[in-house]
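Residue-level structure breakdown
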Amino acid sequence: METGPIKADLRGKVAVVAGATRGSGRGIAVELGAAGATVYCTGRSVRGQLSDMGRIETIEETAELVSAGGGVGIPVRVDHTREAEVQALFERVRQEQHGQLDLLVNDIWGGDSLIEWGQPFWELAPETARLLLERSIFSHIVTSRYGLPLMLEHGAGLVIEVTDGDTLDYRGNLLYDLIKTSVIRLALGMAKDLERKGVTALALTPGFLRSEAMLDHFGVTEANWRDAVAKDRYFAESETPHYIGRAVVALAGDPKVAVKAGKAWSTWTLVDEYGFTDVDGRQPHWGRFFRQMQEQEAVSK
């Protein structure tokens, strides 16, 4: 019986990671590159022209990390709420890769500065809500609309919708919850439309993500991230963006991935099957850890 993690070889494969500037998107793009894939890294932040997210990371940096890891990183500035730009992206992929597209990852978000935690929904600004829905749901729809035809022409491919959480439990803010559960439903709906067409669609979530923004929030770096556990005990089971990246690589290399179509998966449900590890060799299991912490807190009350 084979043991150990599945090591996918994605040389010759072509991927588009929409929203690859930072966080999960960057981790996914870099790990796809480490597996040998050609990765189109899209987003709005480029050198000399950053987005309104207020972050310094750029898609050029992500693409350079992809290439440094063994793949081919191609940065393309795209605002995924603009149909013409999305259409042009996939026309470029068609021309440069002779119509080949094996993997599409929808990790478009752009909502960190727009979510007002702790505010009841009846006090939300309608214009903010409209912008959030456009950035985080419409963007996924239009990106899949123009990416999927390339896969359908070859009768093969994988679409991954990156979300937050794999349940219908409330996520603490009406708009945030609506967006993240809607992304899961997008995967389900696409999977239904794609039945018997050779293309698989599914949703995937990380656990407590140790993203660049989260590290900054706690005032730590990747080198001393454990210092933040004193501020938030749940951070002890956090994971780097590479962890979800390795989950994506495992899914992309799985010849039986179609059995997972339409469902919401997580790094912690997939790690037991595929055996990947985080960059530090750990295998964080957010689902189990969260349940244990909740049980402990219930007992202590």
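First, a word on what this report is: a plain description of the structure on this page.

Definitions and limits used
- Residues numbered from 1 in each chain as written.
- Predicted model: local features only at pLDDT ≥ 70, side-chain atom pairs only at ≥ 80, totals over all residues.
- Heavy atoms only, no water.
- Helix = DSSP H or I, 4+ residues; strand = E, 2+ residues; numbered from the N terminus.
- Rg over C-alpha atoms; globule rule 2.2 N^0.38 Å.
- Buried < 20%, exposed > 50% of the residue type's maximum accessible area, 1.4 Å probe, protein only.
- Contact = heavy atoms within 4.5 Å.
- Areas by Shrake-Rupley, 256 points an atom, 1.4 Å probe, with all protein chains shown as cover.
- Lys, Arg positive; Asp, Glu negative; His and termini not counted.
- Charge placed at Lys NZ, Arg CZ, Asp CG, Glu CD.
- Core = buried A, V, L, I, M, F, W, Y, C linked by side-chain atoms within 4.5 Å.
- Axes fitted to C-alpha atoms, helices over the stretch in contact; angles between N-to-C directions.
- Parallel < 35°, antiparallel > 145°, perpendicular 65-115°, else oblique.
- Left-handed = near helix turned anticlockwise from the far one by under 90°.
- Nonpolar A, V, L, I, M, F, W, Y, C, P; charged D, E, K, R; others polar.
- Pairing = 2+ DSSP bridges.
- Patch = residues over 30% accessible without salt bridge, like charges linked within 9 Å, V, L, I, M, F, W, Y side chains within 5 Å.
- Salt bridge = Lys/Arg side-chain N within 4 Å of Asp/Glu carboxyl O.
- Phe/Tyr/Trp six-rings, centres within 6.5 Å; stacked < 30°, edge-to-face > 60°.
- Lys NZ or Arg CZ within 6 Å of the ring centre and 35° of its normal.

**Overview of the overall build of the protein**
Along the backbone of the protein there are nine helices and seven strands. Against the 2.2 N^0.38 benchmark of 19 Å for 301 residues, the protein shows a C-alpha radius of gyration of 19 Å, consistent with a compact globule. Its C-alpha atoms give the protein principal-axis dimensions of roughly 60 × 55 × 40 Å. Classification of the 301 residues of the protein by burial places 54% in the buried group. Nonlocal contacts in the protein, meaning residues at least 24 apart in sequence, comprise 71% of its contacts between residues at least 6 apart. About 14300 Å² of surface is accessible on the protein, with carbon and sulfur atoms providing 53% of the total. Side chains of the protein give 33 positive and 42 negative charges; the mean places of these two sets differ by 3 Å.

**Let's talk about the nonpolar core**
L32, I160, L204 and L251 are the most contacted members of the largest nonpolar core, which has 34 residues in total. In terms of residue count, the dominant contributor to this core is helix α7 (residues 241-252) (seven residues). In this structure L204 touches I160, E161, V162, T163, I244, A247, V248, L251, W265, S266, T267 and L270, once residues within four positions along its chain are discounted. If you look at the next biggest cluster of nonpolar residues, it comprises 23 residues, including V14, V16, L194 and A201.

**A short note on the packing of α7 against helix α8 (residues 267-274)**
At their nearest, the axes of α7 and α8 sit 10 Å apart, and the two run at 55° to each other. Judged by the inter-axis angle, α7 sits oblique to α8. Between α7 and α8 lies a crossing of left-handed hand. Where α7 abuts α8, its residues Y243, I244, A247, A250 and L251 lie against T267, L270, V271 and Y274. Here the residues of the contact of α7 with α8 sort into eight nonpolar, one polar and no charged.

**Some details on the sheet that holds strand β6 (residues 199-205)**
Through backbone hydrogen bonds, the strands of a sheet pair up, either in parallel or in antiparallel fashion. Strand order in this open sheet of seven strands is β3-β2-β1-β4-β5-β6-β7, and the pairing throughout is parallel. Of all strands in the sheet, those bounded by a partner on one side alone are β3 (72-77) and β7 (264-266). Neighbour-to-neighbour, the strand axes of the sheet open up by a mean angle of 25°, direction not taken into account. One ladder, built from three bridges, connects β6 with β7; its direction is parallel. Within the sheet, the bridge partner assigned to T205 lies in β7 and is S266. Helix α1 (residues 23-34) rests against β1 (14-18), β2 (38-43), β4 (103-106) and β5 (157-162) of the sheet, and its axis sits at about 165° to β1. In the packing of helix α3 (residues 83-96) onto the sheet, the strands contacted are β1, β2, β3 and β4, and the crossing angle to β3 comes to about 150°.

**Description of a nonpolar patch on the surface**
Judged by side-chain polarity, F121, W122, Y170 and L174 come together as a nonpolar surface patch covering roughly 520 Å² of accessible area. Following the sequence through the fold, F121 ends up in the loop between β4 and α4 (126-154).

**Observations regarding the packing of aromatic side chains**
All told, the structure shown has 13 aromatic pairs when counted by the stated rule. On the basis of an interplanar angle of 70° and a centroid distance of 5.1 Å, the ring pair of F208 and F235 is categorised as edge-to-face. With a gap of 27 residues between them, F208 in the loop between β6 and α6 (212-218) and F235 in the loop between α6 and α7 connect regions that are remote in the sequence. Relative accessible area serves as the criterion here: at 0%, F235 is assigned to the buried category. Aromatic rings pair up to connect F208, F218, W225, Y234, F235, W286, F289 and F290 into one cluster. When the ring centre of Y146 is taken as origin, the NZ or CZ atom of R145, which lies over that ring, is 4.5 Å away. Over the ring of W265 we find K260, and its NZ or CZ is 5.3 Å from the ring centre.

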